[in-house]
Every structure is written in structure tokens, then in C-alpha cells.
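Structural overview for review
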Amino acid sequence: MMLLAPLAGARASDARLPDHIATFVEARTADAVGDQARAARLFAALSRRDPSNGELARRAVTTAIEAGDSDLAVSIARTTAPAALGLDGRLLLVADALRRGRSNDALALINESTADSDGGFLAPLLRGWAEQQARIDGSVRLANISSDSLLAPFAAEQRAAMLLQQKRGADAAPLIEQALQTAGGRETRLRLGFAALLAKSGERERAQALLTGDDPALKLLDLKRPQKGVAIDTPAAGLSELLVGISLGLARSEDRSLPLGLAQIARHAAPDNSEANVATALFLERRGRRADALAVLGKVPADDPLVEDALDASARLLLEEKRGPEALVLAQRSTARGDASAGAWARLGNVLDDLDRHGEAAAAFVRAGDLADRAGSADRWTYRLFAAAQFDKMKRWPEARAQLDLGLKISPDEPLLLNYLGYNSIERGEIGVAGTSGLFERGDAFAQVVERVMELMRLQQESGIPIKVRLCDTMGFGLPWPEAATVAGISIDKTPPAIVGSRSPAATSLWRRRIHSRCVTVSLR
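Fair warning: this is a prediction, and the values are worked out from it, not measured in the lab.

Reading the values: rules and limits
Residues numbered from 1 in each chain as written. Predicted model: local features only at pLDDT ≥ 70, side-chain atom pairs only at ≥ 80, totals over all residues. Heavy atoms only, no water. Helix = DSSP H or I, 4+ residues; strand = E, 2+ residues; numbered from the N terminus. Buried < 20%, exposed > 50% of the residue type's maximum accessible area, 1.4 Å probe, protein only. Contact = heavy atoms within 4.5 Å. Areas by Shrake-Rupley, 256 points an atom, 1.4 Å probe, with all protein chains shown as cover. Phe/Tyr/Trp six-rings, centres within 6.5 Å; stacked < 30°, edge-to-face > 60°. Core = buried A, V, L, I, M, F, W, Y, C linked by side-chain atoms within 4.5 Å. Salt bridge = Lys/Arg side-chain N within 4 Å of Asp/Glu carboxyl O. Axes fitted to C-alpha atoms, helices over the stretch in contact; angles between N-to-C directions. Parallel < 35°, antiparallel > 145°, perpendicular 65-115°, else oblique. Left-handed = near helix turned anticlockwise from the far one by under 90°. Nonpolar A, V, L, I, M, F, W, Y, C, P; charged D, E, K, R; others polar. Polar contact = N/O pair within 3.5 Å; in protein donor to acceptor, adjacent residues only side chain to side chain.

The subject of this paragraph is the overall build of the protein. Assigned secondary structure in the protein consists of 25 helices and 4 strands. Expressed as a percentage of its 525 residues, the buried residues of the protein come to 53%. Long-range pairs, those at least 24 residues apart, make up 56% of the contacts in the protein between residues at least 6 apart in sequence. In the structure as shown, the protein presents an accessible area of about 23400 Å², 52% of it carried by carbon and sulfur atoms.

What follows covers the packing of aromatic side chains. All told, the structure shown has 3 aromatic pairs when counted by the stated rule. Here Phe 24 and Phe 43 contribute two aromatic rings whose centre-to-centre distance is 5.8 Å and whose plane-to-plane angle is 65°, an arrangement assigned as edge-to-face. Taken together, the positions of Phe 24 in helix H1 (residues 17-32) and Phe 43 in helix H2 (residues 36-49) put the pair 19 residues apart, joining distant regions of the chain. Given the relative accessible area of 1%, Phe 24 is considered buried.

Note on placement: Thr 23 falls in helix H1. Setting aside chain neighbours within four positions, we find Thr 23 in contact with Leu 42, Leu 46 and Arg 49.

Further remarks concern the nonpolar core. Within soluble globular proteins, side chains that are nonpolar generally end up buried alongside one another. In terms of nonpolar packing, the biggest core is built from 143 residues, with Leu 122, Leu 125 and Phe 194 touching the most fellow members. If sequence neighbours within four positions are ignored, Phe 194 has contacts with Glu 157, Ala 160, Ala 161, Leu 164, Ile 176, Ala 179, Leu 180 and Leu 210.

Another aspect to go through is the pattern of salt bridges. Taken as a whole, this structure holds 35 salt bridges when the rule is applied. Where Arg 59 meets Glu 55, a salt bridge forms, and the shortest distance between an N and an O atom there is 3.6 Å. Taken together, the residues Arg 59 and Glu 55, both in helix H3 (residues 54-67) and 4 residues apart, mark about one turn of the helix. Glu 55 gets classed as partly exposed once you look at its relative accessible area, which sits at 32%. Of the charged contacts, one joins Glu 275 and Arg 186 as a salt bridge, the two residues approaching to 3.4 Å between their closest N and O atoms. Here Arg 186 lies in the loop between helix H9 (169-181) and helix H10 (187-200) and Glu 275 lies in helix H14 (residues 274-286), a separation of 89 residues in the sequence. For the pair formed by Glu 275 and Arg 186, the shared burial category is buried.

We now examine unusual backbone geometry. Positive phi values are uncommon outside glycine, yet Arg 135 reaches one of about 65°. For Arg 135, the position within the fold is in the loop between helix H7 (123-133) and helix H8 (155-165). For Arg 135, a relative accessible area of 80% gives the class exposed. Its identity as a non-glycine residue notwithstanding, Lys 395 has a phi of 60°, on the positive side. Within the secondary structure, Lys 395 sits in the loop between helix H20 (381-393) and helix H21 (397-410).

Once that is clear, we can look at the packing of helix H13 (residues 257-269) against H14. For the pair H13 and H14, interaxial distance at closest approach is 9 Å and the crossing angle is 155°. In terms of their interaxial angle, H13 and H14 are classed as roughly antiparallel. Crossing hand, H13 versus H14: left-handed. When H13 is examined against H14, the residues Pro 259, Leu 260, Ala 263, Gln 264, Ala 266 and Arg 267 are found in contact with a partner set consisting of Ala 276, Asn 277, Thr 280, Phe 283 and Leu 284. When grouped by side-chain class, the residues that make up the contact of H13 with H14 number 7 nonpolar, 3 polar and 1 charged.

Note on placement: Glu 241 falls in helix H12 (residues 235-249). Among the residues examined, Glu 241 registers a relative accessible area of 0% and is labelled buried. Among residues more than four places away in sequence, those in contact with Glu 241 are Glu 157, Gln 158, Arg 186, Arg 189, Leu 190, Ile 232, Asn 273 and Glu 275.

With that settled, the discussion passes to the side chain of Gln 264. Relative to the helices and strands, Gln 264 is located in helix H13. By relative accessible area, Gln 264 is classed as buried at 7%. A polar contact is formed between the side chain of Gln 264 and the backbone oxygen of Glu 66, at a distance of 3.3 Å.

Rendered as C-alpha cells:
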């Protein structure tokens with residue numbers, strides 16, 4: 001009986017009713033098995049046959065949004081009474097209006113008289129950006145947002161963008177600082193957006209000062225001619241940025257439809273916003289739609305600052321899909337350039353490792369380490385650990401040891417390096433258990449690993465990406481018997497650590513990374 005509810009408006013005597021029911025069941029089935037594109041087309045066909053049925057229209061719009069067919073969703077939403085639309089349908093029409101430069105049309109849909117549940121919380125933002133277009137300072141609209149508003153966490157970044165658009169860099173400076181402090185995994189994106197705005201207004205020095213950090217994306221912004229879609233300088237770009245932020249904040253919720261829908265609407269509002277593409281791909285992957293995620297990632301331009309994140313994710317998805325040769329071609333294409341980054345070489349190493357080509361993987365990680373050394377990257381020790389793991393898999397311990405030593409010169413107290421070296425030294429009889437006490441004390445699981453776990457929990461709260469931390473069985477902690485030995489008294493697992501992920505900054509953003517050591521496994525999903 002539940003399946004018949006959307007068709008309640010049809011007459012029982014209608015000879016086409018069985019066809020309607022069959023089409024509805026087919027649409028529901030397609031939706032259930034993850035074929036949102038087909039489901040959207042079928043729901044749209046049903047909605048056109050029965051335009052007075054608001055439930056069918058809402059379902060058609062929502063499914064089309066999730067499928068990424070915004071044109072279809074917009075066409076249905078425009079012919080549906082606003083009161084019959086869900087929140088996603090209203091937001092889509094607002095995004096479409098802003099994309100076409102029609103702020104007044106957007107305000108006709110959502111304004112100060114609109115209930116928050118229907119998108120009314122956006123009214124100050126829409127009004128502010130509309131005033132920006134009229135050369136009036138719109139930032140004041142967001143100056144006194146209630147702390148319980150969905151806009152509150154994003155008010156500083158939106159105000160800063162508005163002030164920068166007015167070439168008021170000094171006034172925007174404290175808001176930029178506030179926004180960056182609370183940005184979490186979006187910090188790199190905001191740095192890029194603010195720097196692009198400063199560069200456009202001629203403040204190159206201030207722009208350059210924002211591009212600090214180890215994330216390679218910060219080095220890819222062209223301050224002479226900022227890439228398209230980076231600056232947050234239009235009402236559509238402002239809405240897109242807000243929706244991405246909200247979607248990521250909802251990432252840990254049980255509802256997987258809403259974050260995906262918001263990210264898709266953000267893409268429609270500003271198709272050149274690569275952050276929206278990367279976020280959408282994340283949510284598509286969570287829904288098991290890897291092929292769709294790959295297609296969205298492929299829309300990130302080769303010169304975009306976030307292209308490394310997109311390529312990392314694409315390579316990982318291809319490997320998970322057992323499409324290793326394609327992942328290899330993608331990774332090799334990046335390293336073929338003369339200016340290939342350390343992250344590009346690490347990505348190639350990851351792919352080669354997955355293909356069991358450990359010699360070539362080791363060489364790629366060594367190359368990544370050399371490039372990172374020249375750049376002075378703070379996390380360059382990770383590439384030495386990756387290289388050591390590859391040499392270890394080939395039973396070439398002297399070369400693995402040399403890479404670990406290089407890593408320890410960079411980061412002498414890094415627990416992963418110390419534990420790896422300590423356990424392997426015991427295995428090979430280089431030193432006894434007592435001789436490794438200094439290594440284990442410096443890599444102490446309680447003092448240092450717990451500190452890292454607390455940091456990961458903070459990142460989870462900020463980014464919305466679920467993080468699982470567990471002690472692995474090779475340490476004995478996971479064994480149920482009280483006599484199980486732990487730490488140095490264990491029988492060492494011969495399998496070396498598998499460390500997947502090309503660079504630490506990316507591990508704190510949207511993409512899954514796994515770090516396996518002898519003592520801790522961290523899984524970001």
C-alpha cells in the first residue's frame with residue numbers, strides 16, 4: 001500500500017493506472033539499487049503525467065538532484081508550486097537563479113518571511129549578496145547572525161569574501177583569521193579563495209601570505225591570473241561555498257541523501273567550484289556510486305589548485321574498482337610532467353604498490369622524498385617510511401633501514417618510524433629487546449599515539465569525516481586471553497606496514513586514508 005501513496009490523485013477508473021504503478025515500482029527499484037539516473041527519469045515521467053501530485057514532484061526533484069541531473073531537477077521544480085517543493089527543490093531553484101545572475105528571483109523564493117525549515121535561514125546571505133551586486137556593503141547583513149543559526153559557523157568567511165570583493169582587505173583581515181581558525185578540513189580551500197580575491201584586488205603580498213602550509217594546493221594558485229572558480233566573488237559562489245560547508249558538517253549523519261543533495265546543488269550553483277566536485281565525489285562514494293564519483297572528479301581542471309586531491313581520489317577509486325591499469329595510466333600521466341610534485345610521485349608509488357610492483361614503488365617514494373626534502377615539507381618523513389615499507393616487502397632491509405634513518409633525521413621522535421625500526425631490528429637480531437627500549441620510549445604508544453588520537457578526534461569533529469581508531473592484534477591488545485603477550489614480548493607479524501595515502505594534508509580533508517603501524521590502525525572513512 002505504501003507504494004501506491006504517490007498515486008492517490010489518480011482515478012481508480014484510469015486505464016493507465018497499472019502502467020503508473022509499474023513505472024513507480026520500477027523507479028523505486030532503480031533508486032534502491034543505486035541507479036539514481038534511471039530512477040530520476042522514471043519519477044520525472046510520472047510527475048509529468050500527474051502534475052498535480054506534489055509528492056511525485058518532490059520525489060522526482062530529489063532523485064534528479066542526487067543523480068546529478070540538475071537540468072532535469074530544475075525543469076520539474078519550475079513547474080511545481082513552491083509550497084509543494086522540499087527544501088532541496090527550493091535551494092536548487094535559488095542556486096539556479098543566482099547562477100543566472102538573478103538575485104531578486106532567488107529572494108522571491110527565500111526571504112525574511114520564509115520559515116527556516118524551508119530555507120529561511122539563508123535570507124541574510126541572499127540579501128547580503130544581492131546588496132553586493134548593487135554595490136552596497138552586504139557584509140553587515142551577516143554581522144549579527146544568531147549563534148543557533150545554520151549560517152553562524154560560516155558568517156565570518158562569507159563576510160570576509162564580501163569585504164574582499166569590495167577591495168577592503170584590511171577590514172576583512174580579522175574575519176579571515178576567524179574563518180581559518182574554525183575551517184577544519186576546509187582551511188586550504190578558504191585560503192585559496194581569500195588569496196584569489198586579494199590577488200584580484202591587487203594585494204599580492206597579502207595573498208601570498210595566505211598561501212602558507214604544506215598542502216601542495218597552496219602552491220598551485222596563480223596569483224597573476226587566479227584560476228576560474230577559486231575566488232568566492234559572486235552570489236552563486238557564496239551559496240555554493242556555504243552548501244559545501246553544510247554538507248561536510250552533515251557528513252557524519254546517518255542521512256546520506258541530504259549531504260549529497262546539498263553538494264550537488266553547490267555544483268549547480270557554481271560549476272567551477274572544484275571543492276564542490278570533490279565533496280560530491282566523497283558522498284557518491286559513500287553511496288557506493290564509484291563510477292559516478294570518478295566522473296565528477298574528472299571535471300576538476302588540470303590547472304585547478306585542488307587537482308591533486310581529485311587525482312588522489314581518482315587513483316584510489318580505480319584501485320578499489322580493480323581497475324589497476326587505468327589507475328597506473330592516471331598516476332604516470334602526472335609524473336610525466338617535468339614539474340611533477342612529491343604528491344604525484346607518491347600517488348604513483350601507491351598504485352605500483354597495489355599492483356605488487358614494489359621495486360618501482362620504492363623508487364617512486366624515494367623520488368617523492370627527494371622532492372619533498374628540496375621543498376622542506378614538514379611531513380616529508382612519510383615518504384621515507386613509504387619507501388622503507390616497499391624495500392621491506394622485497395626483503396631488502398639495508399635499503400629500508402637507510403630510508404628509515406633519513407626519516408628519523410627529519411623527525412627524530414616520530415612514533416611510526418621509531419616503532420617500525422625497533423620491531424624490525426628485533427626481528428633481524430640487530431639488537432635485543434632491551435636495546436630497543438630507547439626507541440619504544442620515544443615512540444611511546446600511550447604518550448604520543450594517544451595525543452595523535454585526540455588530534456584525529458578533533459579533525460573528525462571539524463571535518464565531519466568518521467574516523468575509527470583501533471589497536472591491532474599484532475600488539476596483543478586485541479587478543480582475548482589474559483596471558484597474551486604485548487609490546488616487545490610479542491611474536492612480530494612478518495607483514496610490513498601498508499601505508500596508503502600520498503600526503504598528510506590530504507589525510508585531514510575529504511578522502512579516506514589508512515595508516516597501519518605495529519601498534520595502531522587509523523581508518524578514515
